[in-house]
Structure formats: structure tokens, C-alpha cells
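# Examination of the molecular architecture
This is what each chain is made of:
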Amino acid sequence: MSELGLHDELAAIVGDLRTWIAVQQGDCARVPRGPAPELRSDPAGTEGGAEHTPPVESSSLVSAEVRPEVPEAVEAKPAAPTPEPEEFPPVPETRTPSAAPASSSPADRLLAVLDDIGDCTRCKLHEQRTHVVFGSGSPEADIVFVGEGPGYNEDQQGEPFVGKAGELLTAIIENVIRLSRSEVYICNVVKCRPPNNRDPEPDEVATCSPFLWEQLGALQPKVVVGLGRFAVQTLLETDSSIGRLRGRVHPFRGIAFVPTYHPAYLLRNPSDKRKVLEDMKLVRMEYERATGRALPEPLTRKEASSR
Ligand code: URA
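Here's what I pulled together on the structure shown here. From a predicted model like this one, the values you see are computed outputs, not experimental measurements.

Turning our eyes to something else, we now look at the overall build of the protein. For the protein, the count of helices and strands is 11 helices and six strands. Residue burial in the protein is summarised as follows: out of 307 residues, 53% are buried. Contacts spanning at least 24 positions in sequence make up 76% of the contacts within the protein whose residues lie at least 6 apart. As displayed, the protein offers around 13400 Å² of accessible surface, 52% of which is attributable to carbon and sulfur atoms.

Across all of its chains, the model carries 16 salt bridges by this definition. We note a salt bridge from Arg 129 to Asp 119, for which the minimum N-O separation is 2.7 Å. Here Asp 119 lies in the loop between helix 3 (106-117) and strand 1 (136-137) and Arg 129 lies in the loop between helix 3 and strand 1, a separation of 10 residues in the sequence. In this structure Arg 129 comes out as buried when scored by relative accessible area, which is 14%. On the accessibility criterion, Asp 119 (66% relative accessible area) is exposed.

Attention shifts here to helix 5 (residues 164-177). In a regular helix each residue adds 1.5 Å, so 14 residues correspond to 20 Å; helix 5 covers 19 Å between its end C-alpha atoms and thus fits that length. For helix 5, the buried fraction is high: 11 of the 14 residues fall into the buried class. Every buried residue of helix 5 is listed here: Ala 165, Gly 166, Leu 168, Leu 169, Thr 170, Ala 171, Ile 172, Ile 173, Asn 175, Val 176 and Ile 177. One or two positions beyond helix 5, positive phi appears at Arg 178, with a value near 75°.

The next subject is the nonpolar core. A general tendency of soluble globular proteins is for nonpolar side chains to be buried together. In this structure, Ile 143, Phe 145, Val 146, Val 189 and Leu 235 are the most contacted members of the largest nonpolar core, which totals 62 residues. For this core, the element with the most residues is helix 6 (residues 202-219), which contributes eight residues. Those residues within four positions of Phe 145 in sequence are excluded, and the remaining contacts are Leu 169, Ile 173, Ile 177, Val 184, Tyr 185, Ile 186, Cys 187, Val 225 and Leu 227.

Thresholds, definitions, all that
- Residues numbered from 1 in each chain as written.
- Predicted model: local features only at pLDDT ≥ 70, side-chain atom pairs only at ≥ 80, totals over all residues.
- Heavy atoms only, no water.
- Helix = DSSP H or I, 4+ residues; strand = E, 2+ residues; numbered from the N terminus.
- Buried < 20%, exposed > 50% of the residue type's maximum accessible area, 1.4 Å probe, protein only.
- Contact = heavy atoms within 4.5 Å.
- Areas by Shrake-Rupley, 256 points an atom, 1.4 Å probe, with all protein chains shown as cover.
- Salt bridge = Lys/Arg side-chain N within 4 Å of Asp/Glu carboxyl O.
- Expected span 1.5 Å × (residues − 1).
- Core = buried A, V, L, I, M, F, W, Y, C linked by side-chain atoms within 4.5 Å.

Honestly, that's just the spatial picture; any functional story needs more than this.
Listed below in C-alpha cells is the structure:
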């Protein structure tokens, strides 16, 4: 997609979200303060049809303006108490635990994980990688985005989500969620690029994912956003499709987990942008509820395109 095309697409995305939020909330209370969305008790989101949220048919801005129905996927449900966050899964005993104790600051704990990874040769992905792509963002982040693994640009630069998909992710974070990229944290399930961007293999995930658990344990985020099928299935430990899993909040170690499409998929399938906007609304709601901080309105299409 050209620079201009991407820009227009992003402007359309944020314009859609803002319109949609305004339609649903009658422009009065921007953020629902009452009942929180129900956190379902089935973290695997397994095959039960009743759990499946039907896809929203229309993705056009026009129909969002004239059709005020609330998509079932994001309708606030009666409140269910959010369990207190707990520590993330214990690191398997086969690994040397990172040095920083749980009482250290998130920054120190992250540094210890980085140090622990070092110039990693634990799995075959190290053979063709240029850089270990650890993660980037704020150690104090309340929202963590988790992708699958570095691509070519990320491998070259040593930073996650810096290619075209990364530009789209950054625009969604800044224009829709309305945080800066440096205020959230972004990382991947595996830290080294799988050759030819293939899916990481089970042994690679088994070797590398403990570092992700350690990162999440250090960060203790309020919301985790799974980007794409691979990351979502890995984190939720399910084979269910992303289409079945997205559109709702999943409990994940006492923390809200929001699955959504990968930005690279969205670039190829812009007609699914509306579904990502629904998911980002869930992210905003969970963030605001958990932190008590109100986010600014998503940018309008015009505002986004003039940036
Ligand atoms: N895709 C991912 O899943 N992660 C990245 O860092 C870049 C592209």
C-alpha cells in the first residue's frame, strides 16, 4: 500500500470509530462508566457456538452513521467483577529465571529478562536472525500489544512493528486509542524472525514464550491485545479461529485480553477494519475502567489525515 493509501486508510479507520462511538452513546457519555463488559469464564473461547459473536456485516462509515444498532460484540454486559491481577505463569523450571526479584521495578525486571535472553542461541531461529527483537515501549505501560514474531524490518532494526504493519499499528494506537506508542508496550511471542515469515514452530514457541511470560510479569499490564491468529491462539492456548475469538474480552490471568486481527491482515483486508475498531473500543473501555483515566476522543477522519 502506498504512503498516501495507508494514510487515507488510517484516516478512514479513526473516522469510523469516532462516528460509531458517537452514534452508540448519543454523544453524551463518551465512555460507558457503568457496567463493565462481561468477562466470559471460558478463556479458551472454545468451539461452543453460543460463545461466538456474529460478525458485524457493514463496515462503511455511511452505514455506521445511519444505522445506530449496537453490534452485539461490544454491547456492555452486566458487570462481572474483574479478578485481581495475579502474577503471570511461572517460568518453566528448565529455564534459568531472570535475576530481578518480583519486588524490583518493572524497568529493572524487564532489563533482567533482556539480560537473560542475551545473544540467544536457544532455538534454531537464531541462525538467520540479525537482531533479537525484545520489545519496545514503556515499562509502566498499562496496555501491551503482542504480535507473532519479527518480520524483515523488525529483524533489521531490532524493534517490533516498524514496517508497514507497524505503521498501521502505531496509527491505531495514537489515533484511535489515543496513547502514544511510547506509552504502551509492544512485543512478540518469539523474539527472532522466523525465516520467510513462516509461523514460529512449536519448539521455538516453547523455548521463547517463557520470556514473554516474564515480560508480562514485569509489566503487569491492565490490558493485553493479541495481534493476529498466531499470537492469540498461543496466548489463549486454543485452536479457535481469530474470527471466533475476537469481538470480546477474554479473562487472561485476571487481566483483560482483547484479541484482534493482525495489522498486516488489516492492510490486506481493509473491509475488516470495522471489526478492529470494535476491538479497540474494548481496549479503550478496559483501559479506562482499570486505570480510572479517561482517554481523549478518537481522532476524526479529518483530524487523522491532517496529522
Ligand atoms: N508482525 C509481527 O507479528 N510482529 C512484528 O514485530 C512485526 C510484524
